[in-house]
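In case you want the letters, here they are:
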Amino acid sequence: MAKIIAVNAGSSSLKFQLFEMNDESVIASGVVERIGFEDAIFTLKFNGEKFEQTLPIPDHKKGVELLLESLIEHHVVESLNEIQGVGHRIVQGGDLFSDSVIFDQNVANGIASIANLAPLHNQAHLTGYYAFKEAMPGVGHVAVFDTAFHSTMAPETYLYAVPYEYYEKNHVRRYGFHGSSHRYVSGRCIELMGNPEHSKIIVCHLGAGGSLCAVKDGKSINTSMGLTPLAGIMMGSRCGEIDPSVVTFIMSETGETASRMDTIMNKESGLLGVSGVSSDYRDVEAAANEGNERAQIALKIFARRVADFIGSYYVQLGGVDAICFTAGIGENSFTARANIINEIKDALGVEIDEEANRSREPDRLISTPNSKVKVYVIPTNEELVIARDTKRLLNL
Ligand code: ADP
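Quick caveat, the model's predicted, so the values are computed rather than measured.

Student: Honestly, the packing of aromatic side chains in this entry has me stumped. Any pointers?
Tutor: Aromatic ring pairs are reported here in terms of the distance separating the ring centres and the angle at which the planes meet. Taken as a whole, this structure holds eight aromatic pairs when the rule is applied. Arranged with centres 4.3 Å apart and planes meeting at 10°, the rings of Phe97 and Phe145 form a pair that is stacked. With Phe97 in the loop between strand 6 (83-90) and strand 7 (101-102) and Phe145 in strand 8 (residues 140-145), this residue pair connects regions lying 48 residues apart in the sequence. As far as burial versus exposure is concerned, Phe97 and Phe145 are alike and both buried. Here the aromatic rings of Phe103 and Tyr129 are separated by 3.7 Å at their centres, their planes lie at 5°, and the arrangement is stacked. Of this pair, Phe103 sits in the loop between strand 7 and helix 2 (105-113) while Tyr129 sits in helix 3 (residues 119-135), and the two are 26 residues apart along the sequence.

This is how it looks when you write it as structure tokens:
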């Protein structure tokens, strides 16, 4: 019985899922939130039950200790020896990591060396790693990178048309993110299509953050996020693709600083910025239904931008066999899916089965038999990708 824990450490939070890898079932999951505060919250879920505790958790080390102790206390495991591997989600692997790797001090140094490319994320992941390493020194650790799946992109796709020295000296290029999600969903889609030798798939990961990925024969050939997760489609509060001059123009017109511009583009734009209502798709949809015109145009921009990328990837893939929707909006909003399909249906010959689109079955086909492109809804599972890679690399 190989048990593996998949960890996603943020700057003040720590999410985890404990898997039984024999059948890939989740035996427990939870989160430590507000690390560093007197009123931190620890939540543990298992066997359909939920335990919540509010207590001071000064740092990640304490959070990890609490988490592991509670697994024993609630008899989720009888001893920590049952947990044979820890998989860590790492947002930015830069040019250094094209696959998951055994997590050792060298890898930690590598992740630290590119922390400037994802300052909030990579440091937090390392803090999480060191805390688990200390609590579970005898266990194998594995690093799984959001960027790794996109390491198969060609230079003409990942290079920006700026002076080449910024690539050479400063590592400025498209990296892409959500790689574990795009890998999981495209892999599942290939299975659902009967494992054809060749496949052309576009995955639409539409959550609070969102990205599209063009997947040819199981490999990422393009993705909409870039150097950072700000690029690509319109998101909850991120602007996505804009004319780069918008930034310098606003700065010179209004006197905003570079750091304020960063905040404006990351936290005050997207659905929130255009609608003025919320960054949450549901709220914007509710406002649009009540006649709020800015909310209505925000939803139209959202669909239009996703459709633009689908069109572009259709050309780069040389056709498309399947389009997959995943993540919060992609999995749950039948209207978001319908709006997007509406933008591409004439060009690509896509036809949606209304009833299947409204159903809530996971892993389902929502296109009609006449549709030239299959359309699927496939709930993502990034934690399972982390657990599977941990098992693979540790030979469990
Ligand atoms: P992330 O993982 O990037 O934080 P999620 O994948 O959880 O984000 O997606 C969050 C988004 O999904 C929010 O914009 C939320 O409004 C949207 N969402 C969740 N459920 C629904 C629903 N039933 N209908 C429409 N949108 C939904």
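Read on for the rest.
Student: It is not clear to me how the site of the ligand should be interpreted in this structure. Could you clarify?
Tutor: In the region of the ligand, the neighbouring residues are Gly207, Ala208, Gly209, Asp280, Tyr281, Arg282, Ala327, Gly328, Ile329, Asn332 and Ser333. Here an oxygen atom of the ligand and a backbone polar atom of Gly209 are 3.4 Å apart. Within the backbone of Gly328, one N or O atom sits 2.9 Å away from an oxygen atom of the ligand. With respect to the pocket detection grid, the ligand is positioned in the second largest pocket. Those elements that place two or more of their residues in the shell around the ligand are helix 10 (281-289) and helix 12 (327-332). Among the elements that take part in the shell around the ligand, helix 12 stands out by supplying four residues, more than any other. Its residues assigned to classes, the shell around the ligand shows four nonpolar, five polar and two charged.

Student: Would you explain the pairing of strand 2 (residues 14-20) in this entry?
Tutor: One face of the sheet, then the other: side chains in a regular strand alternate in exactly this way. The buried fraction of strand 2 is high, at six of seven residues. Looking at chain direction, strand 1 (residues 3-9) and strand 2 are connected through seven bridges and run antiparallel. Paired with Ile5 across the strands is Leu18, a residue of strand 2. Between strand 1 and strand 2, which pair antiparallel in sequence order, lie four residues. Inspection of the sheet shows strand 2 paired to strand 3 (residues 25-33) by seven bridges, in the antiparallel sense. Counted as the bridge partner of Lys15 is Val31 from strand 3. Between strand 2 and the antiparallel strand that follows it, strand 3, lie four residues; Glu24 among them carries a positive phi value of about 55°.

Student: What's the story with the sheet that holds strand 11 (residues 219-223) in this structure? I'm lost.
Tutor: Hydrogen bonds between backbone groups are what pair the strands of a sheet, and the pairing can be parallel or antiparallel. With mixed pairing, the six strands of this open sheet are ordered in space as 11-10-9-12-14-13. Two strands close off the open sheet at either side, each with one partner strand: strand 11 and strand 13 (364-365). The strands touched by helix 13 (residues 334-348) are strand 9 (200-206), strand 12 (322-326), strand 13 and strand 14 (374-377); relative to strand 12, the strand with the most contacts, the crossing angle is about 170°.

Student: Looking at this model, I keep getting lost on the packing of helix 2 against helix 3. Mind explaining?
Tutor: The axes of two packed helices give the description: the angle between them and the distance between them. Across the interface, helix 2 lies against helix 3 with an axial gap of 9 Å and an inter-helix angle of 160°. Accordingly, the angle class assigned to the pair helix 2 and helix 3 is roughly antiparallel. As for how helix 2 packs across helix 3, the hand of that crossing is left-handed. In this structure, helix 2 contributes Gln105, Ala108, Ile111 and Ala112 to the contact, and helix 3 contributes Asn122, Leu126, Tyr129 and Tyr130. Among the residues making up the contact of helix 2 with helix 3, the classes are represented as six nonpolar, two polar and no charged.

What counts and how
- Residues numbered from 1 in each chain as written.
- Predicted model: local features only at pLDDT ≥ 70, side-chain atom pairs only at ≥ 80, totals over all residues.
- Heavy atoms only, no water.
- Phe/Tyr/Trp six-rings, centres within 6.5 Å; stacked < 30°, edge-to-face > 60°.
- Helix = DSSP H or I, 4+ residues; strand = E, 2+ residues; numbered from the N terminus.
- Buried < 20%, exposed > 50% of the residue type's maximum accessible area, 1.4 Å probe, protein only.
- Near = heavy atom within 4 Å.
- Polar contact = N/O pair within 3.5 Å; in protein donor to acceptor, adjacent residues only side chain to side chain.
- 1 Å grid on protein atoms, 1.4 Å probe; cavity = no way out; pocket = protein on both sides within 12 Å on 5 of 7 lines; lining within 4 Å.
- Sits in = over half its atoms within 2 Å of the grid points.
- Nonpolar A, V, L, I, M, F, W, Y, C, P; charged D, E, K, R; others polar.
- Pairing = 2+ DSSP bridges.
- Contact = heavy atoms within 4.5 Å.
- Axes fitted to C-alpha atoms, helices over the stretch in contact; angles between N-to-C directions.
- Parallel < 35°, antiparallel > 145°, perpendicular 65-115°, else oblique.
- Left-handed = near helix turned anticlockwise from the far one by under 90°.

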